[in-house]
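Fold and contact review
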Number of protein chains: 2
Amino acid sequence: MAVNLSVPNDKQILAIDGVQVFIGQARIKKPKHDDLTLVVLNSVNSIGAVFTQNRFCAAPVQIAKQHLVAGTGVRALVINTGNANAGTGQQGLADAEFICEKVAQQIGCQASEVLPFSTGVILEPLPVDKIVAALPKVKVAHWPQAAAAIMTTDTVPKMASRTVYIDGHKVHFTGIAKGSGMIHPNMATMLGFVFTDVSIAQPLLQQMVAEVAATTFNAITVDGDTSTNDSFVVVATGKSPLSRIVSMSSKNYAAVKIVLADLALELAQAIVRDGEGATKFITIDVRHALTEAEARQVGYAVARSPLVKTAFYASDPNLGRILCAIGYAGIADLDVAAIKVYLGDVLVAEKGGRASSYTEEAGQQIMAQDEITVTIDLARAEAQAKIYTCDLSKEYVAINADYRS
Amino acid sequence: MAVNLSVPNDKQILAIDGVQVFIGQARIKKPKHDDLTLVVLNSVNSIGAVFTQNRFCAAPVQIAKQHLVAGTGVRALVINTGNANAGTGQQGLADAEFICEKVAQQIGCQASEVLPFSTGVILEPLPVDKIVAALPKVKVAHWPQAAAAIMTTDTVPKMASRTVYIDGHKVHFTGIAKGSGMIHPNMATMLGFVFTDVSIAQPLLQQMVAEVAATTFNAITVDGDTSTNDSFVVVATGKSPLSRIVSMSSKNYAAVKIVLADLALELAQAIVRDGEGATKFITIDVRHALTEAEARQVGYAVARSPLVKTAFYASDPNLGRILCAIGYAGIADLDVAAIKVYLGDVLVAEKGGRASSYTEEAGQQIMAQDEITVTIDLARAEAQAKIYTCDLSKEYVAINADYRS
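Everything numeric in this text was worked out from a predicted model, so none of it was measured.

Chain B puts 61 residues into the contact, and the matching count from chain A is 61 residues. Taken together, the two surfaces of chain B and chain A that pack against each other cover about 4900 Å², and 60% of this comes from carbon and sulfur. The tally of links from chain B across to chain A stands at zero salt bridges. For the pair chain B and chain A, the interface holds 14 residue pairs in polar contact (both at pLDDT 80 or more). When contributions to the side of chain B that touches chain A are tallied by element, the ones reaching two or more residues are α8 (306-313), α9 (320-327), β14 (346-350), β15 (353-354) and α11 (394-402) of chain B. Looking at the side of chain B that touches chain A residue by residue, the classes come out as 29 nonpolar, 19 polar and 13 charged.

Turning our attention to the domain arrangement of chain A. Residue and element names in this part refer to chain A. Considered domain by domain, chain A is made up of domain 1 (10-273) and domain 2 (281-402). The distance between the C-alpha centroids of domain 1 and domain 2 comes to 32 Å. Across the boundary between the two partners, domain 1 contributes 16 residues, which contact 14 residues of domain 2. Between domain 1 and domain 2 lies a buried interface of about 1300 Å² when both sides are counted; carbon and sulfur atoms form 56% of it.

Within the largest apolar cluster, 88 residues are counted, with the highest numbers of intra-cluster contacts made by I200(A), F217(A), F232(A), I200(B), F217(B) and F232(B). Not counting the four nearest positions on each side in its chain, I200(A) is found in contact with N45(A), S46(A), L205(A), M208(A), A236(A), R244(A), I245(A) and Y253(A).

All names here are of chain A. In this structure the tally under the stated criterion is eight aromatic pairs over all chains. Here F117 and F193 contribute two aromatic rings whose centre-to-centre distance is 5.0 Å and whose plane-to-plane angle is 85°, an arrangement assigned as edge-to-face. One end of the pair, F117, is in strand β5 (residues 114-121); the other, F193, is in strand β9 (residues 191-196), with 76 residues separating them in the sequence. On the basis of relative accessible area, F193 is assigned to the buried category, the value being 1%.

What follows is about the relation of the copies chain B and chain A. Under the fitted operation, chain B is carried onto chain A by 0.0 Å of movement along the axis and a turn of 180°, and the coordinates agree to an RMSD of 0.0 Å. Look at the turn and shift together and you get a two-fold axis relating the two. Rotation axis and chain B: the residue whose C-alpha lies nearest the axis is K394(B), separated from it by 2.5 Å. Most of the interface of chain B is mirrored in chain A: 100% of its interface residues are interface residues there too.

A separate point is the environment of A303(B). Residue and element names in this part refer to chain B. Within the secondary structure, A303 is located in helix α7 (residues 292-304). Looking at A303, the relative accessible area reads 1%, which means it is buried. When the C-alpha atoms of A303 and R162 are compared, they prove to be 30 Å apart, with 141 residues separating the residues in sequence. The contact partners of A303, leaving out residues within four places of it in the chain, are T221, I284, K309, I387 and T389.

Next up on the list: the UniProt feature "binding site: substrate" (unreviewed entry) in chain A. All names here are of chain A. UniProt marks T152, K178, T189, E276, N400 and S405 with the feature "binding site: substrate" (unreviewed entry), using the numbering shown here. On the accessibility criterion, K178 (1% relative accessible area) is buried. Side chain to side chain, K178 and T152 meet in a polar contact 2.9 Å long. Mapped onto the secondary structure, N400 falls in helix α11 (residues 394-402).

Residue and element names in this part refer to chain B. The sheet built from five strands is open, its strands ordered β3-β11-β9-β8-β7 with mixed pairing. Strands with a single pairing partner mark the edges of an open sheet, and in this sheet they are β3 (46-51) and β7 (158-166). Strand-to-strand twist across the sheet, computed as the mean angle between neighbouring axes with direction ignored, equals 10°. On top of the sheet, helix α1 (residues 59-70) reaches β3 and β11 (231-236); it is set at about 145° to β3, its chief contact. Of the strands in this sheet, β3 and β11 are in contact with helix α5 (residues 202-215), which crosses β3 at around 35°.

Calculation rules
- Residues numbered from 1 in each chain as written.
- Chains lettered and ligands numbered in written order.
- Predicted model: local features only at pLDDT ≥ 70, side-chain atom pairs only at ≥ 80, totals over all residues.
- Heavy atoms only, no water.
- Contact = heavy atoms within 4.5 Å.
- Buried area = accessible area lost by both parts, 1.4 Å probe.
- Salt bridge = Lys/Arg side-chain N within 4 Å of Asp/Glu carboxyl O.
- Polar contact = N/O pair within 3.5 Å; in protein donor to acceptor, adjacent residues only side chain to side chain.
- Helix = DSSP H or I, 4+ residues; strand = E, 2+ residues; numbered from the N terminus.
- Nonpolar A, V, L, I, M, F, W, Y, C, P; charged D, E, K, R; others polar.
- Domains from an automatic or database assignment.
- Core = buried A, V, L, I, M, F, W, Y, C linked by side-chain atoms within 4.5 Å.
- Buried < 20%, exposed > 50% of the residue type's maximum accessible area, 1.4 Å probe, protein only.
- Phe/Tyr/Trp six-rings, centres within 6.5 Å; stacked < 30°, edge-to-face > 60°.
- Least-squares fit on C-alpha atoms with pLDDT ≥ 70 in both.
- UniProt positions renumbered as here; feature names shortened; annotations may be inferred.
- Pairing = 2+ DSSP bridges.
- Axes fitted to C-alpha atoms, helices over the stretch in contact; angles between N-to-C directions.

Shown next as structure tokens:
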């Protein structure tokens, strides 16, 4: 089902010096299924993280935030699927904390040095005993197995690596992510983790993660639902001989950010490509907006419209639906006569109506493709934003009507 | 497919003194299909109207607004289906105006006394010649035929009447409406028309229509798409012997408003009951909000969530999805621990988690019904709002992927 999304060869996914991966079976929802991942950090240099802005944010997200604020450092991440531990009140917080304590005992650290993550069904108690029983039995794994172990409705494990030379030194990045439904920015992914051997000061990494998230994990939407559990975490182990990055103005900061943004975009787009029921990958490219926020607002109005998304599913150039969505995006002083809309490189609309050069055949040809870019030129100023989404298919409804997670 | 929506007996739908109805066949999309409605007002007392707030508002909406502002009175409404005359630029405006001129010639009035309405596909030129050719051939009709002639993807014509005694005088109301996709407030309906023989001063009727729209046509959502053409128009012919209403504080103003609101709510709910692919009618009742706007914001977040809507379709009490939608509704200082959520009369969530009294069986029993109320108690203040919506089914996708209008 996933749109042009292949699983990388295991050898393309790099181990990161200073990071050990383990997986296990807690049998939370299914027997004989890897649903528990433990990542042990032997040497944490710095960690940057952004989390969901949903007010019903899950217990593990609340605990992870508290532990990061405690500032004692991070020695482990523990991730379960099958249950989100969200909408679980005080008991949920106690459960997440208890799992951190058990991990801490197992690897020899403080509970506040463990970050918990959960994904799965909301509003059901976490089967904490099953997780605690499975923890001592986890086995050493490689990233592809971890990418598979964090999947829920995903049909394809999502992972990517980069090796680059910066200042003559080789540095490495490996990321895994999961998510295909309940996907909307802040955060867009359910879970995304990137590990690198770069050495970078803590506040700089946090800044970089926030900036990178804005154009990657926070620029995708499948169904407009912002999940309770979304988390994007970047760990830098500092094992690379590249000198420590201590200034935002250093050229190494810029170089690392470019690689991180590129990797994060690949993972974020992989989530859209594997969007529930997706048959097409769509980029909404909004240009010449007054502000970036305005560009995103218009892009999301189009990307969220069920009518636009079903038209893409049908390969039907029913492009009035795009104009309609631009019109209700909430830009009060929008001059519709100045707007130009392109489907691929075909001019569709200008001067408030259909372009005289437009033909149904030209539109149909673009709509038949499985990767489509809609360019919306607002003709207001110089800001722009790209939003990535997929179509809305009968399979989306089938998946969400039949699946409880 | 429509949820508990039956077509009234023709005799239940009242003629309104001072209003004549005609229908015709312009063959805009389909042959042998009534797609043109002409309503002639022999004596217009007053007219109130609210229109879409979409920036790509359709040419007929722009012309209707101009004609209402002109203040020369209204003598006719002309309505076509099959083409929305939206996203049609300057030509669309000229086309809508031309149709008004032709109607004016036909019935003997000024073009500015005619209001045009269109519904159907966006971004395609209006076949104005077909409409103009059909106008002289329209035939006298009764409301049920007009209700059928304004349908697009509707499966059931929508109409309702009321007769009430006010101050000892009989007054009459008849309304028709259409819409089942591209439905979201401001305006929620594609088209709604109510006619009454009440006599009321123009500015009072406009005020009443705006107030009534807020809790009826602007309180429904099928798919979150605000159409380019939505219009809700109330015509009062003044033929009733009930004395003219000239003050908002008069008890007759209040009495008429109650009847109008009741009739408009029936029509608005009919649109949701006939929502594209709908199998369930759902009321989101938000209580104890800080403001009515806040209550509506939370109600719409839940009502628009594809995940909530597919869970209703599946009769699956996957109620964490409701909590999740409340959480991302955008209320920054929401105390999730104080919120209570009920499904029907079953307490589902409190204290940030699942209610201890909740059982899957109790939830399942409510979810199996085809009319469901979700009550969300925010425990903040005294404001409230009700939002009406339907579920999201495979049929919604099929209808919108296969149908071009």
